[in-house]
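Breakdown of the fold
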Amino acid sequence: MAENTTESAGSKAGAATKNAGEQMNAAGEALSDSGAQLGLKMLDQAETNTAEAFKAMRAAAQANDLAEVMRIQSEYLREQGSRSVSQAREIGELIADFGRNAMGRMSGRR
């Protein structure tokens with residue numbers, strides 16, 4: 001009878017280990033996918049920022065006087081500051097979602 005109990009405990013431990021491994025693999029895959037999404041989002045943001053910078057430089061190059069150049073530069077800096085806050089918020093939300101998803105997968109909830 002003790003032999004059956006030992007075998008049963010061993011089977012349960014093996015199943016638990018296998019389950020934990022599967023959860024870790026799922027979490028690793030989710031993190032890999034999340035990392036790719038994060039990278040693409042950052043590239044999109046960099047592309048937007050670069051396009052806006054060149055747009056402002058073109059406008060400044062076509063300005064008629066220094067006052068217009070200063071207005072264009074001031075407007076660009078204000079818009080870029082707002083854009084940066086928004087972009088940081090987006091990245092932060094993505095990272096938080098990825099963390100929640102990974103923890104959910106590791107704990108078997110997702």
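The coordinates are above.
What comes next is a walk through the structure. If you're wondering where the values come from, they're calculated on a predicted model, not measured in any experiment.

1. Considerations on the overall build of the protein chain
Counting secondary structure elements, the protein chain contains two helices and zero strands. Scored against the burial criterion, the 110 residues of the protein chain give a buried share of 17%. Across the protein chain, contacts joining residues at least 24 apart in sequence account for 72% of those joining residues at least 6 apart.

2. Some details on the pattern of salt bridges
Scanning the entire structure with this criterion turns up four salt bridges. With its nearest N and O atoms 3.9 Å apart, the salt bridge here joins R71 to E68. Residue R71 and its partner E68 are located together in helix α2 (residues 66-106), separated by three residues, close to a single helical turn. Since its relative accessible area comes to 44%, R71 is described here as partly exposed. The network of salt bridges with common partners includes E68, R71 and E75.

Rules of the game
- Residues numbered from 1 in each chain as written.
- Predicted model: local features only at pLDDT ≥ 70, side-chain atom pairs only at ≥ 80, totals over all residues.
- Heavy atoms only, no water.
- Helix = DSSP H or I, 4+ residues; strand = E, 2+ residues; numbered from the N terminus.
- Buried < 20%, exposed > 50% of the residue type's maximum accessible area, 1.4 Å probe, protein only.
- Contact = heavy atoms within 4.5 Å.
- Salt bridge = Lys/Arg side-chain N within 4 Å of Asp/Glu carboxyl O.

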